[in-house]
Amino acid sequence: MALACSKARPCPTVLQEQVGNPYSRVCRCLVNGKKDWGLAEKFPAVGSRENVTQVAPKAATGKVATTGTTSMRHSVRVCVSGQDKIHLPDTLAEISSPSHIAITAKLLARTMASLAVSTALLFLLCLLSPTCSRAADSSGGNKPRAVKLPVRKDAATGQYVTTFRQRTPLVPVTAVLDLASPTVWVDCEKGYASSTYRRVPCESKLCRLTGSGSCATSCDGKPGPSCLNNTCSGLPQNTATSVATSGNILTDVLALPTTTLTGPLATAPAFRFTCGATFLTKGLAAGATAMASLSRNRFALPAQLANTFGFRRTRFKLCLPSTPTTTPSVGAVIGDAPHVFQPGVDLSGSLSYTPLLVNPVSGLTHFQGDKSDEYFVGVTGVKVNGRAVPLNATLLAVNKKTGTGGAKLSAAAPYTVLETSIYRAVTAAFAAATAGIPRAPAVAPFKLCYDGSKVRSTRVGPAVPTIELVLLGNSSKGAPSWVVFGANSMVRTKGGALCLGVVDGGKAPTTSVVIGGHMLEDNLLEFDLDRSRLGFSSSLLFRQTNCNNFHISGSQL
């Protein structure tokens with residue numbers, strides 16, 4: 001089938017390439033010069049698996065991206081400039097969903113003609129008006145100083161699960177915490193019902209602010225949150241399984257408990273999120289129908305809520321619990337709140353700080369040119385038992401052109417993942433420092449394991465050598481070290497073995513050092529987005545407390 005680009009906007013050249021799976025191709029028209037919209041005139045029929053195999057050069061004018069699917073319902077237009085294209089990481093098996101990216105000038109014209117101009121203008125004014133988009137607590141009182149997210153560790157997956165309330169009427173939504181995705185995404189295909197959801201129109205300022213390069217121009221299915229015309233489109237991704245799709249960008253009511261008010265919820269009346277597909281929830285903790293992003297993106301929870309509620313600073317605290325439980329603790333606090341833990345442990349002023357770095361290239365499914373929304377830190381070295389481990393220093397820095405290398409924090413990765421040469425050097429140093437402890441057979445995914453009965457316990461976990469991540473610091477205080485004790489470095493298996501909880505990430509991973517959830521547990525982390533710095537406490541077990549004791553006064557969870 002031929003895919004032609006509209007003649008409405010001249011484009012001198014056309015190129016085509018295949019990406020992803022055999023049913024996924026990218027047809028792109030290269031627009032030399034300023035950013036422009038590309039429009040396609042044809043796309044496969046509903047249920048078709050026909051590939052886009054050729055382009056009509058004479059009709060070419062814009063840039064189109066398509067992904068194959070057995071249940072295409074959407075046509076989508078892609079806004080691009082220069083030679084940008086949609087990028088799919090090597091680890092992503094496929095982008096597939098009921099939303100099929102394609103573009104059609106006829107459908108766009110039909111859709112735009114059906115829009116009531118006055119309604120669109122009123123909606124845009126509402127989005128941009130402080131009186132419409134700013135929030136208050138549900139009692140109509142003063143704005144909160146901070147809001148909180150309950151967090152529990154899921155026993156089956158090891159994921160960190162939270163709950164927020166959304167829609168009208170409000171319903172609880174169970175979500176997996178994420179530090180990478182640009183936005184919160186929610187399954188809109190299964191049981192999403194609300195009287196207050198609104199689409200984000202393609203040409204709106206809010207759509208442009210999202211950085212979205214695509215737009216759903218029409219939908220052939222039953223109208224609903226996941227099937228709308230002329231709607232800004234995003235790329236929701238399950239970062240635990242590396243599966244992504246396209247989805248509508250909407251706004252709806254979102255409510256969270258506060259830290260300063262006793263009872264009412266803080267309500268954001270027009271919280272922006274992306275619709276995901278039901279298949280995206282595969283691999284998430286049981287009952288989870290969403291992912292709650294705490295990334296640095298302006299439309300993730302921290303920045304969007306700070307803007308909505310007028311917080312003095314854009315920052316949040318994160319404390320991941322180490323013990324699986326059905327009862328959540330206060331795992332995340334967005335806004336201004338004290339560093340207080342039960343029983344009366346105040347960590348204010350006791351955190352060490354390192355800069356948060358920006359990777360210029362996103363490692364998730366993205367439009368080329370997008371910066372990463374993940375949290376990178378400058379690891380300059382690693383020590384085992386106080387001794388420096390010889391490493392290839394170039395792997396610890398982010399390549400500014402490719403975005404590879406460097407070190408990042410991840411709540412989706414259960415354990416710390418190291419590039420092969422770094423992994424071998426660290427495990428060899430650790431094995432040498434623990435030569436006196438009897439070894440045990442390897443337990444996947446770990447390779448260095450010990451007889452757990454021969455390792456004594458301490459307040460901070462198994463008595464094993466420390467691992468230090470030497471981080472970037474400021475010139476006045478020198479380089480801080482994140483000291484990792486046995487509770488965060490060792491994993492006890494069902495058979496009783498104790499294994500070093502690091503995983504070999506291969507010889508050419510996208511990121512050289514991924515600091516996973518196990519190493520983050522029972523550490524208080526403060527993400528200060530305004531100052532672009534990360535505060536960390538090291539293990540709270542030294543202070544005879546843990547993340548289950550993170551104490552914030554206020555309303556119930």
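Further up the page is the structure itself.
For the structure given in this document, a descriptive report is provided here. Predicted, not measured: the structure shown is a model, and the values here were computed from it.

1. Remarks on the packing of aromatic side chains
Applying the stated criterion across every chain yields a total of 10 aromatic pairs. Centre to centre, the rings of Y192 and Y197 are 6.3 Å apart; their planes meet at 85°, and the pair counts as edge-to-face. For R272, the ring lying beneath its charged end belongs to F299, and the centroid distance is 4.9 Å. A cation over an aromatic ring shows up here: R439 above the ring of Y450, its NZ or CZ 5.9 Å from the ring centre.

2. A look at the side chain of R272
Note on placement: R272 falls in strand β19 (residues 265-276). Although buried, R272 forms no salt bridge, and the nearest oppositely charged side chain, D373, lies 9.3 Å from it. Once residues lying within four places of it in the same chain are set aside, the contact partners of R272 are T183, T210, I249, L250, T251, F299 and Q304.

3. Structural notes on the sheet that holds strand β29 (residues 387-388)
Note on sheets: strands pair through backbone hydrogen bonds, and any given pair is parallel or antiparallel. If you trace the 4 strands from one edge of the open sheet to the other, you get β29-β28-β36-β37, paired in antiparallel fashion. Since the sheet does not close on itself, it has two edges, and those belong to β29 and β37 (481-484), each with one partner. Pairing of strand β28 (residues 379-384) with β29, which is carried by 2 bridges, proceeds in the antiparallel orientation. Looking at β29, one finds that K383 is bridged to A388. Of the strands in this sheet, β28 and β36 (467-471) touch helix α6 (residues 420-433), which is tilted by about 25° from β28.

4. Things to note about the pairing of strand β14 (residues 214-219)
In terms of burial, β14 is a largely internal element, 6 of the 6 residues being buried. The pairing of β14 with strand β15 (residues 231-234) spans 3 bridges and is antiparallel. Paired with S214 across the strands is S233, a residue of β15.

5. Brief notes about the sheet that holds strand β32 (residues 439-440)
Here we have 4 strands laid out as an open sheet, ordered β32-β33-β39-β38, and antiparallel in their pairing. Whereas interior strands pair on both sides, the edge strands pair on one side only; in this sheet they are β32 and β38 (490-492). Two strands pair when backbone bridges link them, and β38 and strand β39 (residues 497-500) are joined in this way by 3 bridges, in the antiparallel orientation. Looking across to β39, one finds that V491 is bridged to C499.

6. Regarding the nonpolar core
Counting 75 residues, the largest nonpolar core has L294, L305 and F527 as its most contacted members. The residues touching F527, leaving out its near neighbours within four places in the chain, are T314, R315, F316, L318, L356, Y375, L409, R533 and L534.

7. Re the pairing of strand β43 (residues 533-539)
A large share of β43 lies buried, amounting to 6 of its 7 residues. Pairing geometry for strand β25 (residues 352-357) and β43, over 4 bridges, is antiparallel. When the bridges of β43 are listed, P355 appears paired with R533. Strand direction decides the pairing type here: strand β42 (residues 523-528) and β43, joined by 5 bridges, are antiparallel. Looking at β43, one finds that D528 is bridged to R533.

8. A few points about the environment of A175
Relative to the assigned elements, A175 resides in strand β11 (residues 171-178). Residue A175 is classed as buried on the basis of its relative accessible area of 0%. Through-space distance from the C-alpha of A175 to that of A286 is 9.9 Å; in sequence the pair is 111 residues apart. Those residues within four positions of A175 in sequence are excluded, and the remaining contacts are Y160, V161, T162, F164, A290, M291 and A292.

9. Concerning α6
The terminal C-alpha atoms of α6, which comprises 14 residues, lie 20 Å apart, in line with the 20 Å expected from a rise of 1.5 Å per residue. All of the buried residues in α6 are T420, I422, Y423, A425, V426, T427 and F430.

10. So, the state of the cysteines
Inspection of the entire model under this criterion finds 6 disulfides. Through a disulfide, C188 is tied to C275; the S-S separation comes to 2.1 Å. Taking the torsion about the S-S bond as the criterion, the C188 to C275 disulfide, at about -80°, is left-handed. Of this pair, C188 sits in the loop between β12 (185-187) and β13 (198-199) while C275 sits in strand β19, placing them 87 residues apart in sequence.

11. Some words on the pattern of salt bridges
Scanning the entire structure with this criterion turns up 10 salt bridges. Put simply, D528 and R313 hold a salt bridge, and the shortest N to O gap is 2.2 Å. Of the two residues, D528 sits in strand β42 while R313 sits in the loop between α5 (301-309) and β21 (315-318), which places them 215 residues apart along the sequence. Overall, D528 belongs to the buried group, its relative accessible area being 0%. K447 is the salt-bridge partner of D504, the closest N and O atoms lying 3.9 Å from each other. Of the two residues, D504 sits in strand β40 (residues 502-504) while K447 sits in the loop between β32 and β33 (449-451), which places them 57 residues apart along the sequence.

12. Description of unusual backbone geometry
Of the consecutive residues T168 and P169, the connecting peptide bond is found in the cis state with omega at 0°. Looking at the secondary structure, you find P169 in the loop between β10 (160-166) and β11. In this structure, D522 takes a positive phi of about 55° despite not being glycine. The topology assignment puts D522 in the loop between α8 (517-520) and β42.

About the cut-offs
Residues numbered from 1 in each chain as written. Predicted model: local features only at pLDDT ≥ 70, side-chain atom pairs only at ≥ 80, totals over all residues. Heavy atoms only, no water. Phe/Tyr/Trp six-rings, centres within 6.5 Å; stacked < 30°, edge-to-face > 60°. Lys NZ or Arg CZ within 6 Å of the ring centre and 35° of its normal. Helix = DSSP H or I, 4+ residues; strand = E, 2+ residues; numbered from the N terminus. Buried < 20%, exposed > 50% of the residue type's maximum accessible area, 1.4 Å probe, protein only. Lys, Arg positive; Asp, Glu negative; His and termini not counted. Salt bridge = Lys/Arg side-chain N within 4 Å of Asp/Glu carboxyl O. Contact = heavy atoms within 4.5 Å. Pairing = 2+ DSSP bridges. Axes fitted to C-alpha atoms, helices over the stretch in contact; angles between N-to-C directions. Core = buried A, V, L, I, M, F, W, Y, C linked by side-chain atoms within 4.5 Å. Expected span 1.5 Å × (residues − 1). Disulfide = S-S within 2.5 Å.

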